[in-house]
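Fold and contact review
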Amino acid sequence: MALVRHGVSRRTFLKFSAAIAATLALPMSYAPRIAAAVENAPRVPLIWLRGLACGGDSQAFLQSTNPTVGELLIGALSLDYDEAFMAAAGADATGTLTGLRARFPEGYIAVVEGSVPTADGGAHATLGGRPMRDVISEVCAGAIGTIAVGSCAFDGGVAAAAGGLTGAVGVGRVINTPHLVALPGCPVNGDNLAATLVHYLTLREFPPTDGLGRPFFAYGGLIHNQCERRAHFEFGEFVQSWGDEASQKGWCLYKMGCKGPQTFANCPTQQYAESSSWNVLAGHGCIGCTMPGFWDGMGGAYQRLPAPLPFLPDVSADAIGLALTGGVAGLAVVHGAASTVRQWRVRRTKKPTPDTTEMTEMTDTTDTTEAAEVTPTAAIETTESAVPAEPLGELEGRPTVDEVWVAEQPLSEPEPVDEEPDL
Amino acid sequence: MSRIVIDPVTRAGGQLRVEAEVLGGAVTEAWLSATSFRGLESVVRGRAARDAWLVAQRVCGAATGVHALASVRAVENALGVDIPKNARLVRNILAATTLVQEHVVNFYLRELINWADPVAALTADPAATSTLARSITDWPNSDSSWYAAARDRLTALVRPGAGGPLGGAWSGHPAYRLSPEFGLMLYGHYLEALDWQRQLVRVRTILGGKSPHPQTYLVGGMAIAAEWGGPPVPPRGEHPSTRHSPPPLSQQALADMNMLLTNAARFINEAFVPDALTVAAHYPEWQRLGGGIGHYLSFGEFPVSDSFAGQLLLARGRVMDRDFANPRAIDQGSVAEAVDHAWYDYDATPDALVHPALGQTRPRYAGPALPYSSLGGLDKYSWIKAPRYADDPMETGALARMLVAYGAGNSFVRNAVDGVAFKLDAGMDSLFSTIGRTVARALEAQIVMARTTEYLRELVANLAQGDLALVNLEGWDMARWPSQASGFGLAEGPGGAVGHWLTIRDGRIADYQIVDGSTWNGSPRDNRGRPGACEQALVGTPVADPNRPLELLRTVHSFALCSACAVH
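Computed from a predicted structure; not experimentally measured.

**Re the overall build of chain B**
Helices and strands together make up the secondary structure of chain B, namely 16 helices and 16 strands. At 24 Å, chain B has a C-alpha radius of gyration in line with the 24 Å of a compact globule built from 568 residues. Looking at chain B as a whole, 64% of its 568 residues are labelled buried.

Put into C-alpha cells, the structure is as follows:
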C-alpha cells in the first residue's frame, strides 16, 4: 500500500513522518519506523459512527495535516464506514456494520463522533430505525479500540450541557471496553486524531493516556504553560478591554475570561490548519473545550477565572484544572505527577483595578504585587489512589444552569478583585 | 405502488431518512425525516447573551461560523449595535470562505457519487482523460501521467468488493451516463478538492483561531486585534513555546491570506465550475426534474455597508412561482413554524404557525417503537419543524440567492447566469431543477470567491488608513443593557437562509429559536399538509431500480441538506 506508489513524493512522506513523531513527542529516531508502518503495514479498517454531532469532528479529520486525510486513506487506513463520506446509502450502508469481526479478522478501530442520547429509549438518534446507542455499543464491542473524537463523544458535550433535553452522554458510558481513547475538543484537533491513528499503525497500540482516556501527547500540558502570551501574564500585562492597545500588542487574555490556566491541550504548540493559528493567538480567550463539562463548569466565556494562577510547570495532565472548577470537582482524576506541585506563588494586588485604568497604571499596580505562599488544596495534592473506579462517570452531579449562571455571574460583571485566592 | 426507504441518507450532515411511494417507475409522494435531535435552543437558554453565539455555533461544524454570525447579529440587533468596518469585512471573509468551501465539498464529496460511477472511472484511459480534460479546462494537473497517478489513488479509495469508502456505490446503475474518462477527470478533481479546501481552512484559522468553530466573534465586532504601532512586540522573558505563526492582521498573515485566496480561486474557476457544467450538460433531463415548489427565499448576505440594515452583495428577498424577474421584499415577521408533523408539542396552539420569537422547543417523540422499519401512515415523522413564509413553503440556498439577486439586478450574478444559460444552450427555466441547484452553487462559489479577495483588499486598505477598530463596545457592558430586549439575526449559509430569534432578560437568554436553511429545505408537511421543498422536489423522480434508488439521492443532495442543522 505504498504511499509513494500512489503519487505521494518520498520527500513529502519523510517530512510527514518526522512531523508526526514531533506531534506524538516521540524521538526523531521513530520517524523511519513511522514511515515503514504507514507505508507497509496492512490497512487498518476504520468504522466511523455518529451520535448527536454537528459534523465538526469529521471536518477536522478531513482537514487534518501531517498526514492529510488523503494520505491516510490512500496509504494506511480503510475508511469502511463513515456516513459523511461513503458512497453507499440506506440498508446497503448499514448492512456493512454487521459481521465486522468476521470481515476483519485482524480487527478494526471504531471512531465515535458525537454524544449518545439516552432519553426516550434512544429516539433522539436513530440509524435505520434503530437507536444509535445500540449500533454504537455493538460496533465498539467488537473493535480493537474506540476513539471518542470531540467533546460530545468524550462526555456528552453541548447536548449534555445544562438545559439539554436528550440525556446525552459520552460514548464511554454506553460501551464496555478498556480500550477507549478520548480526544476532546470542540472540535477535535484533526492533527491529534491523525497522530493517534499513526501511533497505532506504528506501534500497534494507542498512545498512553490519562485517567479520562486523553493521550498525554496532546492533553498532557496546560494551555497556560505553553501559551505565547504567557510572558505577558507574568509581567502583569493584560488586555483590559476588547480592542485596546494591549490587545493590539498581544497581551494576556486572562482578564477577558481566558480558560487557558485551567485547560489541558496542545493548542498553543500544535495549533490548527498547518500551524496557521489557534484561538488565543487569534485574539479570543480559550473556552476550555477539552475539559469535561466545560460548557457549565468553567464560568462564562468572558468571566475571569476565580484566581490568577501562578506558574505550575510540573503539574501534569488531568489534575488541577478540574479541582479548581468547583462544579465538576468530582471528576478530578489526579495523576501521580501532580504530587510534584510546587509551592504556589500567588500575586496579590492591594486594591481592585477598575476597567478604566490606564494601561500604564495597570502595569504599575500589578508590578507591586507581593508574593504569598499558599499551600495547594488537598484536592490538588491527591495522588493516584484517588482515581475513581469509573473514570468517565459522575457527570450527573453537574450543576444546573441556574446554579452556575445565577450564582456565579453578576449581571454587570464588575472587575473581580485580585486578592489572594481562596484555595 | 411500492415504498422505498433510504436510511441513512449518507453524505447529508447527520441522520436523515427518506421514504417514498413509487408508482410506474416514478415517485408519487415522499417524506423526509431527520432522525436525531440535540436540543441546542434549550441549551442556549439561561446563558449570558454575550456567550450565546458559542453554543449556537455548535449547530453545524460543516457550515461553520454561520450560526455564530447569525447569533451575534441577533444580540447586536436586540441592543441596536452596529459593528466597525474591519469587523464587517472579517466576518464577510469568514462567511464567504465557508460558503465556497462547502459548495466545493458538496459537489465533489456528496453529489459526484450520484452522477459519476467511481468503479467505472477506474477503467478510464489516462491519455484519453488528459485530452478530454484539456478540451474543457486550463487546469494545470491535466497530463496523462497525472491522471494515471490519480487513477491509482482512486483505486485505493474504491477497492470494489473490499470496502473502500467509494466502493459501495451503486456501480453499474443504469442512471449513470458519464464515460469512464469524464469520471476519472471528475474524481481526479475530487482528490484535489480534499487538499484544496485546506487553503480556505487556513484563512479561517488565521482569522478565527480554528476551523471548524472559529472563536473570534464578539457581540459588537471581532476579538482579533489590529497590530499596534508597527511590528509585533516579541514576548518577554522565558517562554515555553515560540510564536511560529503571525497574528491575524499582521502584514505576514494578510499576505498569506491573499495568496491562499488567490490560489483557491483558481480551482473554482478551472475545475469546479467546468466540472459542474460538465455534469449538467450530460444530464439534460435533470435540468427539468426536481424543481419542487418554485418559491425561493433569501435573507441575503455579505453586507457592503456597516449597518445591520444596510446593503448586501446578494440581495434579500423572495421569488414566488418562479417569477424571478420580480423578486419581492421580505420581512422576518412573516416567518413561522408548524410542528403538526414533527416530534414536538406547542403549548397553547398545537396546530398553528408560530413566529420564532414566540417559538418553543418541546420534544415529544411520537414515532414508532424502536426499532422500526417504516414511518408510513404516521402524522408525525421528523425532528425537523416546518417553517413557512407568509404561510408558504419556501426553498432556500444558493439557487434562491442567485434567483433573487438576478431579479434584483446584481450584475455579477446576471453575467454568470446568462453565461451559463448560453453555454448549456438552455433557458433560465433549466435552473428550476435538481441540476439547477448544483450549477447555482458553482456560480455562487465563483462570484463569492472573487468578492472575498476584494474584502481582503478593502480590509488591508482600511487598516493602512489607520482605522484599527474591530469592535464596537457600546453594547459590551451588560450593566447598561435594558432589562429586556428582543432581536433577530439573519444570515446565509451554504445550505440556505439562517435566522436566529432571541429574547434577552437581565442579560441572559430567555428564549432562543433557530431556523436553518436546511429546516426550510428539509421541512416535513405543515399545518395544512403541504410538503416541504425537498419532499415536493422528489415527486416525479424516476426510479429505474427500487432497490438502488440513486435518482432520489441526486435530488436530496442537490439541496446540500444538513440534517444536524435542520433540527439542531
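**Some details on the interface of chain A and chain B**
Each side of the interface is counted separately: chain A has 97 residues, and chain B has 103 residues. Broken down by element, the side of chain A that touches chain B gets its largest block of residues, 5 residues, from helix α3 (residues 56–62) of chain A. When its residues are assigned to classes, the side of chain A that touches chain B shows 42 nonpolar, 39 polar and 16 charged.

**Some remarks on the confidence of the model for chain A**
Summing up the model confidence of chain A, the mean pLDDT is 76 and the portion of residues at 70 or higher is 70%. In the predicted structure, residues 313–423 of chain A sits below a pLDDT of 50 and forms 188 contacts with residues beyond four places in sequence or in another chain.

**A word on the nonpolar core**
Of all hydrophobic cores here, the largest spans 315 residues; its most connected members are I47, A110, I136 and A148 of chain A together with A52, F272 and M402 of chain B. In terms of residue count, the dominant contributor to this core is helix α4 (residues 85–115) of chain B (16 residues). Once you skip the residues sitting within four places of it in the chain, F272 of chain B turns out to touch V104, F107, F267, A442 and A445 of chain B.

**Structural notes on the sheet that holds strand β6 (residues 145–149) of chain A**
Strand pairing in a sheet relies on backbone hydrogen bonds. The paired strands run either parallel or antiparallel. All names here are of chain A. As summarised here, the arrangement of the 5 strands in space is β2-β1-β3-β6-β7, forming an open sheet in which the pairing is parallel. Both edges of this open sheet fall to β2 (77–82) and β7 (180–183), since each of them pairs with a single strand only. This sheet shows a mean twist of 20° between the axes of neighbouring strands, independent of strand direction. Where strand β1 (residues 44–50) and β2 come together, 5 bridges link them in parallel fashion.

**Brief notes about the packing of helix α6 (residues 126–136) of chain B against helix α8 (residues 180–208) of chain B**
In a pair of packed helices, the angle between the axes and the distance between the axes together describe the arrangement. All names here are of chain B. One can describe the packing of α6 onto α8 by two numbers: an axis separation of 9 Å at closest approach and a directional angle of 70°. In terms of their interaxial angle, α6 and α8 are classed as roughly perpendicular. On α8, the residues touching A128, T129, L132 and A133 of α6 are E181, F182, L184 and M185. Among the residues making up the contact of α6 with α8, the classes are represented as 6 nonpolar, 1 polar and 1 charged.

**Brief notes about helix α11 (residues 411–423) of chain B**
All names here are of chain B. The first and last C-alpha atoms of α11 sit 18 Å apart over 13 residues, in line with the 18 Å expected at 1.5 Å per residue. Listing the buried residues of α11 in full gives V413, A416, V417 and V420. Projected down its long axis, α11 shows its buried positions confined to an angular sector of 90°, all on one face. Residues of α11 that are exposed and angled more than 90 degrees away from the buried face: S411, N415, D418, G419 and F422. D425, located one to two residues past α11, shows a positive phi value of around 55°.

About the criteria used
Residues numbered from 1 in each chain as written. Chains lettered and ligands numbered in written order. Predicted model: local features only at pLDDT ≥ 70, side-chain atom pairs only at ≥ 80, totals over all residues. Helix = DSSP H or I, 4+ residues; strand = E, 2+ residues; numbered from the N terminus. Rg over C-alpha atoms; globule rule 2.2 N^0.38 Å. Buried ≥ 20, exposed ≤ 12 C-beta atoms within 10 Å, placed from the backbone. Contact = placed C-beta atoms within 7 Å. Nonpolar A, V, L, I, M, F, W, Y, C, P; charged D, E, K, R; others polar. pLDDT = per-residue confidence, 0-100. Core = buried A, V, L, I, M, F, W, Y, C linked by C-beta atoms within 7 Å. Pairing = 2+ DSSP bridges. Axes fitted to C-alpha atoms, helices over the stretch in contact; angles between N-to-C directions. Parallel < 35°, antiparallel > 145°, perpendicular 65-115°, else oblique. Expected span 1.5 Å × (residues − 1). Arc of directions from axis to C-beta.

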